[in-house]
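Remarks on the overall topology
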Amino acid sequence: MKYMKKIVYVCELLLFLVVTIGPFVWAFVLSVTPDNAVFAPTVKLLPEHVTWAHYGELFSPDSRRGTAFFSAMLNSLRAVGITLCIGVPIAAIAAYALGRMEFKGRNLIKNLLLITMVIPVMATIIPLYRMFAAGEMLDNIFWLSIVYVSSYLPMAVWLISNYFATIPRELDEAARIDGCGEAKTFFYVMLPLSYPILISVVLIMFLNTWSQFQIPLILASSMETKPMAIIVSEFMTKDSVQYGLIAAAGMLALIPPAAATLFFRKYLVAGMMKGSVKG
Amino acid sequence: MSAQQTAESTNTMKKKILPYLLLTPMILIMGVLVYYPILATFSYSLKKWKLTAPADIHFIGLKNYIDILQSESFWYSMENTLFILVMVVVFTTICGCMVAMFLNIDVRGSGILMALSILPWALPPYVNGVLWKFVFFSGYGFLNKLLLGMGLISHPIEFLSARWTLLLVVSIVVIWRSTPFMALVCLAGRRSIPSQIYEAARGDGATRTATFRYITAPLMLPFVGVGLTSTSVTAINVFDEIVSLSGYSDLGKNILMESYLTTFEFLNFGKGAAMTYLVMFCALILGVLYLRSLNKEVEY
Amino acid sequence: MKKRIISMLLCVVMTATMVAGCGSKKTDSGSSADTATSGEKITFMVPDWGVPTDDQLKEFTDETGIDVEIAEVGWDDIREKLATGASAGKAVADVVEVDWSWVGEFEAADWLEPLEVSDEDKTDIPTIETFTINDKVLAMPYTNDYRLSFYNTKQFEKAGITEEPQTWNDVLEDCRKLKSTGTVEYPFALSLNAEEKTSTCLMWLAYTMNGVVWNDDGTLNKDSAMEALEYMDTLVKEELVAPEDKTSSGMDAYKRICGGTASFLTGPTSFVSRSTNPEECSVIGEITPILVPGKDAKATETMALPEAIGVTKASKNKEAAKKFVEWYTSADMQERLNETNSAIPTRNSVLEKLIQDGKIENAGAMLEEAKLISSPFPNGVPSYYAEMSSAMYNAINKMALGTYTPEQAYEEMASATEKLAKE
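These numbers were taken from a predicted model, which means no experiment stands behind them. Along each chain, residue indices are assigned from 1 in the same order as the chain's sequence is written. Just so you know, chain letters begin at A and ligand numbers begin at 1, following the order they were written in. Restriction of local features to residues with pLDDT of at least 70 applies here, the model being predicted, together with a cutoff of 80 or more for giving and counting side-chain atom pairs; totals for whole chains, interfaces and linings are based on all residues.

**With respect to the overall build of chain C**
Rules: We count a stretch as a helix when DSSP gives it H or I for four or more residues in a row; a strand needs E for two or more, and each element gets its number in order from the N terminus. Note on burial: count the other C-beta atoms lying within 10 Å of the residue's C-beta; 20 or more is buried, 12 or fewer is exposed, in between is partly exposed, and C-beta positions come from the backbone. It is the C-beta atoms, placed from the backbone, that decide contacts: two residues are in contact if theirs lie within 7 Å.
A count of helices and strands for chain C gives 17 helices and 12 strands. Each of the three principal axes of chain C carries a C-alpha extent, and together these read 75 × 70 × 50 Å. Across the 423 residues in chain C, those meeting the buried criterion constitute 53%. Pairs at least 24 apart in sequence give 73% of the contacts found in chain C among residues at least 6 apart.

Here's what the structure looks like:
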C-alpha cells in the first residue's frame, strides 16, 4: 500500500515536472539556436550549432538591447518594491477592518471593493492616462505602482480578511484582557498568525507586477520607467522577429521571481507545518 | 463616575471611527484610480468619438452599444470568448486544486517544487505566447517535430490554422499560465484551516470523504472563489497570448481584442469604450454569481 | 512566535531599504533631468532602428543648442501612444515616427504640423509623395522600404531554370518546376497571415500586375484585385507557398528565403542586407535582388512602404523640432544612419553613392527599382486605412485557409472598402 503510494507520487511528480518545466527547457533550446535555424525543417529537436550570442548580446555592456533589458529589469524590481511596500500594509489594515470589525456599511464597502476585480485594464486606462497627463504623473514608477496596487487590492484584501476571519476570536479577546489595544492586537496577534497568507499576497503582487504590460505600455514610455515585459516585446518589431533573443530574455526574466519564491517558500512551508493557530 | 462615562464614550467613538480610518487609504486609491475612470469610460461610450474626426464629437446615447450588438463580428468574438472562458475556468480549477494538493504533500524539496510551479506565472503573457508558439508552430514546431519523429504523422499539423484548434491552443496556454495562481490560492486556503479541526474530526471517527465534504471543501470555498473570479477575469481578458499566437487575425479574436482594435487601431474611442463595457458586463455577471455564493461569513 | 516576528520585521526592513534606495534614485534622476533643460529640449519618439547614436545626437546639440531626448518605443505601440496622448490633448513627443500607412489618419486627426520642403528634396526623395496630402508635406521619410524581388539563383539552376523571371507567369512556372523537380518544396515566400503585410502583398501584386489598385473614388479596382487574388489562390492551392505561411508572421514567411526553404520572394529592401548577413542567412551568395516582375515584362512601378518622422501639432517646440527633422533627414545623416543603423536612404542620391562606394553589398537591381517607386493611392493614403487593411488581410487569410473563394474574399474587401470610403 505504502509502496503504491510512492509510485503514484513519483508519477505525479514526473507529470508535474514535464508540464511545468518542459516548455522552459524548450525555450532554453531556442535561446541557444541560431536565428536562421529556428524554423529549419528537420525533426531534430536540438540545433546543430549551439550559439550563446543571444545571451552575449543581453550581457554585453555595449549592446543597446542588453543595457535596455537590464535597466528594464531594474525598473520592474523597483515597481515591485514600491507596490509591495504600499500595497501590503494598505491591504492588511483594510482587511483587518473588514474581517474583524463590525461597522455600518461594511458589506457595502466589501462588495464595492470585490466587484472591481472584474474591471479590465482597458476600461480604465484612457481616463487614467488623461488624469496622469494632467497631473504630470506619467513616466513615474511611483504612480505606476499605485495603479498596480489599485488592481491588486480587491484580491489581497479578500484573501487576507478571510484568513483573519479564521483566527479564533478568543485570541484577540485574550490579548485585550492582557491590556493590548487595537494596534497592539493587530501587530502582535493578527500579523504573526497570518503571515502565510501575507507571504502569499506578497508573492501574488510580486508576480503580477513582474509581468505587467498593458498599464505601463500606456503610462510609461521613458527608458527610466519601462518594465521588462515591454522591452522584451520590443525585441519583436515590425521587421525583425528575434525569437532567440526573446527566448533568452524570457529565461533571464524568470530569475528574480524564481529567487523570490525560493526565498519565501521557507515561510510558506513553515506556516503549513506548524499549523496556523499554534502561535 | 462621569469621567468614566466620557472615557467610555470616547472609546466607543474611537471604535466607531477606527474602521473607517483604516479603510481610508484603500477607499482613496480605489475611488480615484478605479471608480472615477470607470465612470469616465462610461461617458465616452455614449459619445461618437473617433480620433480621425476630431471636430465631430457628440453625445449619441446608446448607439455605440446597439451597433456593436448588431454586428456579426461581435457575436463571433463572443463565442470565442465564451469558449476560452469555459475551458480556462474548468481546467484551471481542476489543475490548480491538483497542484495544490500535490504541493501540500510534505516531502523534502517540496519548497523547490513550489518555486518551480510558480514559474509559468512569472512569465510575461507576451513571452508566454511566443514560447508556446514554438511548441504548436504549424511548420516544424516542437510538437510537430515530436510527432513526425515518432512517425505518427507524415506532414506537420497546422494547429493554428483552424478556429477551434487555435482556440484550444490559446486555452491551453492560458491554463498553463493561470494554474500557479489558482494553486497558490488553494494552498493558502488549505493552510487557513486550523489543524485542530482535522484532529477533532479524526477523533470523532470521520471518514476521509466526510472530512473533505464537511471541512476542507466548505472552508476552502472562499479561497477557491477568489481564484475562480480572478481566473474568469483573466480568461475574459486574454490578449497577449492570442496576438503572439495568431496575430490580429479574425480567427481567434475575442471581445477584448475587438475592443482593442476598435480603440487603438481604428481610433474609434467611443465604440471601443462601449465594447470594454460589454466585456466588463460579462465579467460582472460571473463576479456577482461568485460573490453571492461566497459572501457568507466563515465562522468556526 | 518571537522568531516569526523577527523574520517578519527583517522582511519589512529589507523591502523598505530597497524602496528607499530606489525612491531616492528616482528623485535624483528627476532633478538632474530638470536642471539639464537650459536650452531648448525636444523629445523624439522612434522605434529602436531609428535611434541615432549618442555621438550623432551630441553633434546636433552642439550645433544647435537643442537637447534631444529619445523615447524608444516599439513600432506598434507608437500609434497607441499617440492616440491616447491626442485624446488628452497632449503631445507624447515633439518629433514622432510616421509610418506610410498612418499618414492618412494622422492628417484627418490633425496631429501633424506641415513641413516646408524644397523642390530639390522632393525630387531626390520620391517617397515624399506618400506623405503629401493636399499639397502639404506632413512628414519626412528617413528610412526606405520598397518592394523588390529576390530569387535563389542556385536553386533555380538546380531546377534547370537559367533565366531570371520577367513576369508573374514566369514566376509561377518556375515555382512549379522547382516543386516538381523536388528542389524546393514551397518555393514562393508569401505573407498570408492575418496581418498588415498580407494587405500590402495584395496591393503590390495588383499594382505590379496592372499598375492600379484603387479607383479614383477610393474603391477597390475589381479586375486588378481579382487577378492578384486569383494568383495568390493558385499559389496556395498548388502548395507553392508553405502551409505555415498562413499563420506565421509575414516576416517569418519572408525569412524563408534566407533559410533556403523558399526560392522566390518579393519583399522588403532590407533583405538585400539580410541576404549577406551570416547570422540571418544560411544561403549567402545565392540570393540575387532583381526587378519586380510585371504582367508582360518587368513592372514599371513598385510600391514603397517608407517610414518618416513628423512634428506633432501639440508640440511646444515646433521650430526646434523642425530643425531636428531637417538635420535627421539630411543627405549626410542618411549616409551615416546607413552605417550605424543600416537604414536604407530615402534620398536616391545617397543610395546611389552608397552603392557606388560598395557600402551596400549585393545591391542587384536595388537602385534601378528605387527609381520606379510610386504610390498606388490616387488620393493619398485614406484616413480609414487601418480598418480597411484589417478587412483586407482577414479576407485574404480566410481565402488562404480555404474558407473563402477569391470571389468571396473580393466581395468582403470591396464592401468593407466601399462602406469606409462613403463615411
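We are not done yet, so read on.
**Some points on the overall build of chain A**
When you go through chain A residue by residue, the secondary structure sums to 13 helices and zero strands. Helices and strands in chain A line up, N terminus first, as α-α-α-α-α-α-α-α-α-α-α-α-α. On the principal axes, the C-alpha backbone points of chain A span a range of 75 × 70 × 30 Å. Scored against the burial criterion, the 279 residues of chain A give a buried share of 51%. Here the contacts in chain A between residues at least 6 apart in sequence split such that 75% fall between residues at least 24 apart.

**So, the interface of chain B and chain A**
In many analyses, interface size is given as the accessible surface area lost on bringing the parts together. Across the boundary between the two partners, chain B contributes 74 residues, which contact 84 residues of chain A. A total of 15 residues in the side of chain B that touches chain A trace back to one element, the largest contributor, which is helix α1 (residues 2-45) of chain B.

**Overview of the interface of chain B and chain C**
Threshold: The nonpolar class holds Ala, Val, Leu, Ile, Met, Phe, Trp, Tyr, Cys and Pro. Asp, Glu, Lys and Arg form the charged class, and all remaining residues, Gly among them, are polar.
If you look at the interface, chain B gives 22 residues, while chain C gives 26 residues. Ranked by residues supplied to the side of chain B that touches chain C, first place goes to helix α11 (residues 255-265) of chain B with three residues. Partitioning the side of chain B that touches chain C into residue classes produces 12 nonpolar, seven polar and three charged.

**Notes on the pairing of strand β12 (residues 307-312) of chain C**
Residues and elements named next belong to chain C. Our working rule: DSSP calls a pair of strands paired once it identifies at least 2 bridges connecting them.
In terms of burial, β12 is a largely internal element, six of the six residues being buried. Note: strand β3 (residues 95-99) against β12, five bridges, orientation antiparallel. Bridging from a neighbouring strand, Glu97 pairs with Ile309 of β12. Where strand β7 (residues 140-143) and β12 come together, three bridges link them in antiparallel fashion. Note that in β12 the partner of Met140 across the bridge is Ile309.

**As for the environment of Arg274 of chain C**
All names here are of chain C. Mapped onto the elements of the fold, Arg274 is located in helix α11 (residues 271-274). Spatially, the C-alpha atoms of Arg274 and Ala194 are 24 Å apart, while their sequence positions differ by 80 residues. Once residues within four sequence positions are removed from consideration, Arg274 is found in contact with Cys258, Glu280 and Cys281.

**Comments concerning the packing of helix α1 (residues 2-31) of chain A against helix α5 (residues 125-136) of chain B**
The relative placement of two packed helices comes down to the angle between their axes together with the axis-to-axis distance. Rules: Each axis is a line fitted through C-alpha atoms, taken for helices only over the stretch in contact, and angles between the N-to-C directions span 0 to 180 degrees. Should an angle fall under 35 degrees it is taken as roughly parallel, and over 145 as roughly antiparallel, whereas 65 to 115 is taken as roughly perpendicular and any remaining angle as oblique.
With their axes 10 Å apart at the nearest point, α1 of chain A and α5 of chain B run at an angle of 90° to one another. Taken together, α1 of chain A and α5 of chain B sit at an angle that is classed as roughly perpendicular. Of the residues in α5 of chain B, those touching α1 of chain A at Pro23, Trp26, Ala27 and Leu30 of chain A are Leu131, Trp132, Phe134 and Val135 of chain B. Each residue belonging to the contact of α1 of chain A with α5 of chain B can be placed in one class, and the counts come to eight nonpolar, no polar and no charged.

**Focus: the sheet that holds strand β10 (residues 264-267) of chain C**
Residue and element names in this part refer to chain C. Spatial strand order, β9-β10-β8-β11: four strands in an open sheet with mixed pairing. Every other strand in the sheet has two partners, leaving β9 (188-189) and β11 (287-290) as the edge strands with one partner each. In the sheet, β9 pairs with β10 via two bridges, with the strands oriented parallel. In the strand pairing of β10, Phe188 is matched with Phe264.

**A look at the domain arrangement of chain C**
Residue and element names in this part refer to chain C. In plain terms, the rule: Domain segmentation is taken from an automatic or database assignment of domains.
Each assigned domain of chain C is listed with its residue range as follows: domain 1 (40-145 + 304-370) and domain 2 (148-303 + 384-422). The C-alpha-based centres of domain 1 and domain 2 are spaced at 28 Å. Sorting the residues of the side of domain 1 that touches domain 2 by element identifies α4 (103-109) and α15 (366-370) as the ones contributing at least two each. Sorting elements by how many residues they give to the side of domain 1 that touches domain 2 places α15 first, with three residues. Each residue belonging to the side of domain 1 that touches domain 2 can be placed in one class, and the counts come to seven nonpolar, six polar and five charged.

**Some remarks on helix α13 (residues 331-341) of chain C**
Given 3.6 residues per turn, any residue in an α-helix points the same way as the ones three and four places further on. Residue and element names in this part refer to chain C. Put simply, the rule is: To obtain the arc, one takes the directions from the helix axis to the C-beta atoms.
Restricting attention to buried positions, one finds in α13 the residues Met333, Gln334, Leu337 and Asn338. Along the axis of α13, the buried positions cluster into a sector of 145°, meaning they face one direction only. For α13, the exposed residues lying more than 90 degrees away from the buried face are Asp332 and Glu339. Phi turns positive, to about 45°, at Ser342, one or two residues after α13.

**Description of the confidence of the model for chain C**
All names here are of chain C. Note the following rule: Along the chain, pLDDT gives the predictor's confidence residue by residue, from 0 to 100.
Confidence in the prediction of chain C, expressed as mean pLDDT, is 88, and 91% of residues score 70 or more. In the model, residues 16-38 has pLDDT below 50 throughout and makes 11 contacts with residues more than four positions away in sequence or in other chains. Model confidence for the complex: the whole-complex pTM is 0.84, and ipTM, which rates the interface, is 0.84.

**With respect to unusual backbone geometry**
Residue Asp139 of chain A is not a glycine yet carries a positive backbone phi of 55°. With respect to the helices and strands, Asp139 of chain A occurs in the loop between α5 (122-134) and α6 (141-166). Its identity is not glycine, yet Asp110 of chain C carries a phi of approximately 65°, on the positive side. With respect to the helices and strands, the residue Asp110 of chain C is situated in the loop between α4 and β4 (112-113).

**Focus on the environment of Met399 of chain C**
Residue and element names in this part refer to chain C. Note that Met399 resides in helix α16 (residues 385-400). Overall, Met399 belongs to the buried group, with 25 C-beta atoms counted inside 10 Å. With residues near it in sequence (within four places) discarded, Met399 still touches Leu229, Asp233, Tyr404, Pro406 and Ala409.

**A short note on the nonpolar core**
Proteins that are soluble and globular tend to have nonpolar side chains buried together. Residue and element names in this part refer to chain A. Condition: Core membership is restricted to buried Ala, Val, Leu, Ile, Met, Phe, Trp, Tyr and Cys residues, and these are joined into a nonpolar core through C-beta atoms within 7 Å.
Core analysis: the largest hydrophobic core is formed by 308 residues, its most contacted members being Ala91, Ala94, Val157, Ile160 and Val201. A total of 19 residues in this core trace back to one element, the largest contributor, which is helix α3 (residues 64-100). What Ile160 contacts, discounting residues up to four positions off in sequence, is Ala91, Ala92, Ala95, Ser194, Ile197, Leu198 and Val201.

**Overview of the confidence of the model for chain A**
Fine structural detail should not be taken from predicted coordinates in areas where pLDDT scores are low. Residues and elements named next belong to chain A. Taken residue by residue, chain A gives an average pLDDT of 84. The fraction at 70 or more is 93%. When the elements of chain A are averaged for pLDDT, helix α13 (residues 255-274) gives the smallest value, 69, and α3 the largest, 92. In the model, residues 270-279 has pLDDT below 50 throughout and makes 20 contacts with residues more than four positions away in sequence or in other chains.

**Quick notes on the environment of Tyr248 of chain B**
All names here are of chain B. Relative to the elements of secondary structure, Tyr248 occurs in the loop between α10 (240-246) and α11. Classification of Tyr248 as buried rests on a count of 21 C-beta atoms within 10 Å. For the pair formed by Tyr248 and Thr207, sequence separation is 41 residues and the distance between their alpha carbons is 53 Å.

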